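Descriptive analysis of the structure
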Amino acid sequence: MILSRNDSCWCGSGLKYKTCHFEFDKKIKILKKQGYIVPTKKLIKNKEQIDGIRKSAKINNGLLDLVGEKIKEGMTTEEIDILAYEYTIARGGIPATLNYDGFPKSICTSVNDEVCHGIPSKDVVLKNGDIINVDATTMLNGYYSDASRMFMIGAVIDEAKKIVTIAKECLSKGIEAIKPWGFLGDIGAAIQEYAQSNGYSVVWDFGGHGVGLQMHEDPFVFHIGTKGTGMILVPGMVFTIEPMINEGSHEILVDEDDGWTAFTADGSLSAQWEHTILVTEDGIEIIAK
Ligand code: MF3
Ligand code: CO
Ligand code: CO
């Protein structure tokens, strides 16, 4: 559909196109002509959609706060899963991972050498010294938010504390690399630089992703890469950054029995943190954390 300058803007603001997204669309069109990779309109969220994602994230953030309060030695990952399910449902949300592509649970729980997509189980009992990633994706009124945090169980050795800290700092470096009208590749470059300079490797097989109207949208957000390459990041884009950092090699394997759990090929520790980020006119907003 071609909008004329006096039509109301496609973003739903109620303003005339000429006073709203007209210049914005022109800028994208010019960049595209110059050979840059630009997002499609579908990847640019309007106010109403951003509000919906924020409300979904309120549940997702509250859930991870609750997990932080309750998680302890002796608990099974299935108990955390039940907590997540009940918290989300009670607030009108739906745990988006439940039955996603056959994934059987409401959250992912990945312990020690597990990289991501661990399946909560009554057989996995949290032990003193464990590090665990809990990854939650909430859907509320059709809007998705996605975040994960690491938790340390009891007395954790310094080696494990360090990878948890560096993984979090990798996420911060990635976020700091975002500039409105900058490049997607800047994010991966910053993360890779920071992880490797601290002696860790970055997992390649999984990345962040657009999120909001679906759990996984374009673009794929690499956690390695080259500055000044990839899609242009424009205000209104919502995506996750979720670097997975390994102590040893970046190589991972996926459990053949459950078809989901990714773990480090060399058995070394892995850590991950994930936020959902909105690109704004003058920077970013962390929506889910
Ligand atoms: N929350 C995960 C992510 O960060 C997605 C998990 S999909 C599942 O992208 F099926 F493994 F749960
Ligand atoms: Co996630
Ligand atoms: Co994600």
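Regarding the overall build of the protein
Helix and strand content of the protein: five helices and 15 strands. For the C-alpha atoms alone, the extent of the protein along its principal axes is close to 65 × 45 × 30 Å. Counting all 289 residues of the protein, 54% fall into the buried class. Sequence separation of at least 24 residues holds for 67% of the intrachain contacts in the protein that already meet a minimum separation of 6. For the protein, the computed accessible surface area is about 13500 Å², with 52% contributed by carbon and sulfur atoms. Side chains of the protein carry 29 positive and 40 negative charges; the gap between the two charge centres is 13 Å.

A short note on the coordination of the cobalt ion (ligand 3)
As a benchmark, a tetrahedral metal site with four donors has ideal angles of 109.5 degrees, while an octahedral site with six donors has ideal angles of 90 or 180 degrees. Looking at the metal site, the cobalt ion (ligand 3) is ligated by Asp146 (OD), His209 (NE2), Glu242 (OE) and Glu274 (OE), spaced 2.0 to 2.2 Å from it. Between the six donor atoms coordinating the cobalt ion (ligand 3), the angles at the centre fall across 51 to 159°, so the site counts as irregular. Within one chain, the residues serving as donors to the cobalt ion (ligand 3) are arranged as D-x62-H-x32-E-x31-E. Judged by relative accessible area, which is 0%, glutamate 274 ranks as buried.

Let's talk about the packing of aromatic side chains
The description of an aromatic ring pair uses the distance of the two centres, along with the angle that the planes make with each other. Summed over all chains, the structure comprises five aromatic pairs. Pairing phenylalanine 103 with tryptophan 260 gives two aromatic rings, centres 5.0 Å apart and planes at 90°, and the pair type is edge-to-face. Taken as a pair, phenylalanine 103 in the loop between β1 (94-95) and β2 (107-111) and tryptophan 260 in the loop between β11 (252-254) and β12 (262-264) lie far apart in primary sequence, 157 residues in all. Judged by its relative accessible area of 2%, phenylalanine 103 is buried. By relative accessible area, which is 19% here, tryptophan 260 ends up buried. One Lys or Arg, arginine 5, reaches over the ring of phenylalanine 22 and ends 4.8 Å from the middle of that ring. Here lysine 168 stacks its cationic end above the ring of tryptophan 273, 4.5 Å away from the centre of that ring.

Digging into the site of ligand 1
Near ligand 1 there are 13 residues, and of these Thr97, Asp135, Thr137, His216 and Glu242 occur at the shortest range. Threonine 137 places a polar side-chain atom, nitrogen or oxygen, 3.0 Å from a nitrogen atom of ligand 1. Here an oxygen atom of ligand 1 and a side-chain polar atom of glutamate 242 are 2.8 Å apart. Burial of ligand 1 by the surrounding chains reaches 97%, relative to a free accessible area of 340 Å².

Here's the deal with helix α2 (residues 47-70)
In this model α2 runs 35 Å from its N-terminal to its C-terminal C-alpha over 24 residues, within 8% of the 34 Å that 1.5 Å per residue would give. Sitting at the head of α2, asparagine 46 places a side-chain oxygen 3.1 Å from the backbone nitrogen of glutamate 48.

Thoughts on the sheet that holds strand β6 (residues 201-202)
Ordered by their spatial adjacency, three strands build an open sheet running β6-β10-β13, and the pairing between neighbours is antiparallel. The open sheet terminates on both sides in strands that have one partner only, identified here as β6 and β13 (270-272). As judged from the two bridges shared by β6 and strand β10 (residues 244-246), these two strands associate in the antiparallel manner. Across the sheet, the residue bridging to valine 202 is isoleucine 245, located in β10. Docked against the sheet, helix α4 (residues 158-176) engages β10 and β13, running at close to 40° with respect to β13.

About the cut-offs
Residues numbered from 1 in each chain as written. Chains lettered and ligands numbered in written order. Predicted model: local features only at pLDDT ≥ 70, side-chain atom pairs only at ≥ 80, totals over all residues. Heavy atoms only, no water. Helix = DSSP H or I, 4+ residues; strand = E, 2+ residues; numbered from the N terminus. Buried < 20%, exposed > 50% of the residue type's maximum accessible area, 1.4 Å probe, protein only. Contact = heavy atoms within 4.5 Å. Areas by Shrake-Rupley, 256 points an atom, 1.4 Å probe, with all protein chains shown as cover. Lys, Arg positive; Asp, Glu negative; His and termini not counted. Charge placed at Lys NZ, Arg CZ, Asp CG, Glu CD. Donors = N, O, S within 2.8 Å, 3.2 Å for Na, K, Ca; no water. Tetrahedral: all angles 85-135°; square planar, octahedral: opposite > 155°, others 65-115°. Phe/Tyr/Trp six-rings, centres within 6.5 Å; stacked < 30°, edge-to-face > 60°. Lys NZ or Arg CZ within 6 Å of the ring centre and 35° of its normal. Near = heavy atom within 4 Å. Polar contact = N/O pair within 3.5 Å; in protein donor to acceptor, adjacent residues only side chain to side chain. Expected span 1.5 Å × (residues − 1). Pairing = 2+ DSSP bridges. Axes fitted to C-alpha atoms, helices over the stretch in contact; angles between N-to-C directions.

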